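# A look at the structure
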Amino acid sequence: MLYTLGIHPALRGTQIKSRSLWQWINIIFNTVDKTRLRKVGPDRLCAEWVLKNGGAVRFLEHPKNLFRDYNMLPPDFRTKLTLKEIDATNSAIMTVGFAHVVGCEKIDKIIITNCKYIDNRGFHHLTSINDSLRSLDITQCTNISDSGLLQLKGLTKLQKLVMKDLPGVKDLPAVEKELRQHLKDCQFQTSHT
């Protein structure tokens, strides 16, 4: 949708001069389209978000297939697609896009590796899938800091949390210690940069 008479809602209140055109395009591609959400549902919309930004997804209905191409999604919107896994490795997803997971009730695994547009904002959206999310891998993301990781305290059903090669995190042992107090049944894999 073109916003010829005004600014896209995701861009309101921002400094347009300070960002490149590609950053603005990425913000638009990462913003939840509520009209599309009503049309196709949360699982398909979330999958479209990941695929359009260069990631991959797996569905409960197709457990052996890791979809990497948006054009390979079944075209019939009546076909039930239940999102099970998100692999955002090397993708252009942004933290603002995590709002797409709201309403996806079966996502059990998320991999966030080398995502240069991921920062501290928006991790709180992951608590909306707390009942299903079991594995979270955050690796090689330069813009995530201690405070961003501490937002994961609400993921109380998490069984595996990988936090590796995060140069923005100043005290990973302290972050891990605090998270362990909240994530009682979780196995941690951490390493410093």
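Before reading further, recall that the structure is shown in the block above.
Anyway, here's the lowdown on the structure attached to this text. (Residues numbered from 1 in each chain as written. Predicted model: local features only at pLDDT ≥ 70, side-chain atom pairs only at ≥ 80, totals over all residues. Heavy atoms only, no water.)

### Considerations on the sheet that holds strand S5 (residues 135-139)
With mixed pairing, the seven strands of this open sheet are ordered in space as S2-S1-S3-S4-S5-S6-S7. Taken across any chain shown, the strands that pair with only one partner, and hence form the sheet edges, are strand S2 (62-67) and strand S7 (187-191). Within this sheet the neighbouring strands show an average axis-to-axis angle of 10°, counted without direction. Sheet topology note: the strand S4 (residues 109-113)/S5 ladder contains five bridges and is parallel. Opposite isoleucine 110, over in S5, you have leucine 136 as the bridge partner. (Pairing = 2+ DSSP bridges. Helix = DSSP H or I, 4+ residues; strand = E, 2+ residues; numbered from the N terminus. Axes fitted to C-alpha atoms, helices over the stretch in contact; angles between N-to-C directions.)

### Here we look at the packing of aromatic side chains
Under the defined criterion, the tally for this structure stands at three aromatic pairs. Where tryptophan 49 meets phenylalanine 98, the ring centres are 6.2 Å apart and the plane angle is 80°; that geometry is what we call edge-to-face. With tryptophan 49 in helix H3 (residues 42-52) and phenylalanine 98 in the loop between strand S3 (83-87) and S4, this residue pair connects regions lying 49 residues apart in the sequence. Among the residues examined, tryptophan 49 registers a relative accessible area of 2% and is labelled buried. On the basis of an interplanar angle of 70° and a centroid distance of 5.3 Å, the ring pair of phenylalanine 59 and phenylalanine 67 is categorised as edge-to-face. (Phe/Tyr/Trp six-rings, centres within 6.5 Å; stacked < 30°, edge-to-face > 60°. Buried < 20%, exposed > 50% of the residue type's maximum accessible area, 1.4 Å probe, protein only.)

### Structural notes on the pattern of salt bridges
Taken as a whole, this structure holds eight salt bridges when the rule is applied. In this structure, lysine 84 and aspartate 108 form a salt bridge, with 2.5 Å as the shortest nitrogen-oxygen distance. On the criterion of sequence distance, the pair formed by lysine 84 in strand S3 and aspartate 108 in the loop between S3 and S4 is long-range, its members being 24 residues apart. Taking relative accessible area as the criterion, aspartate 108 reaches 23% and is therefore assigned partly exposed. Arginine 121 is the salt-bridge partner of aspartate 119, the closest N and O atoms lying 2.5 Å from each other. On the basis of relative accessible area, aspartate 119 is assigned to the buried category, the value being 16%. Several salt bridges share partner residues, and in doing so they unite Arg36, Arg44 and Glu48 into one network. (Salt bridge = Lys/Arg side-chain N within 4 Å of Asp/Glu carboxyl O.)

### Digging into the state of the cysteines
For the structure shown, the criterion picks out zero disulfides. Of the cysteine sulfurs around cysteine 141, a residue in no disulfide, the closest is that of cysteine 115, at 4.9 Å. (Disulfide = S-S within 2.5 Å.)

### As for the side chain of aspartate 119
Secondary-structure assignment places aspartate 119 in the loop between S4 and S5. Only 2.5 Å separates the side chain of aspartate 119 from the side chain of arginine 121, close enough to count as a polar contact. Ignoring anything within four residues of it in the chain, the contact list for aspartate 119 reads Thr95, Asn143 and Ile144. (Polar contact = N/O pair within 3.5 Å; in protein donor to acceptor, adjacent residues only side chain to side chain. Contact = heavy atoms within 4.5 Å.)

### With respect to the side chain of threonine 82
Structurally, threonine 82 can be placed in the loop between S2 and S3. Polar contacts involving the side chain of threonine 82 include one to the side chain of glutamate 61, which spans 2.7 Å. Once residues lying within four places of it in the same chain are set aside, the contact partners of threonine 82 are Asp43, Arg58, Phe59, Leu60, Glu61 and Lys106.

All quantities given are derived from atomic positions and should not be read as evidence of function.
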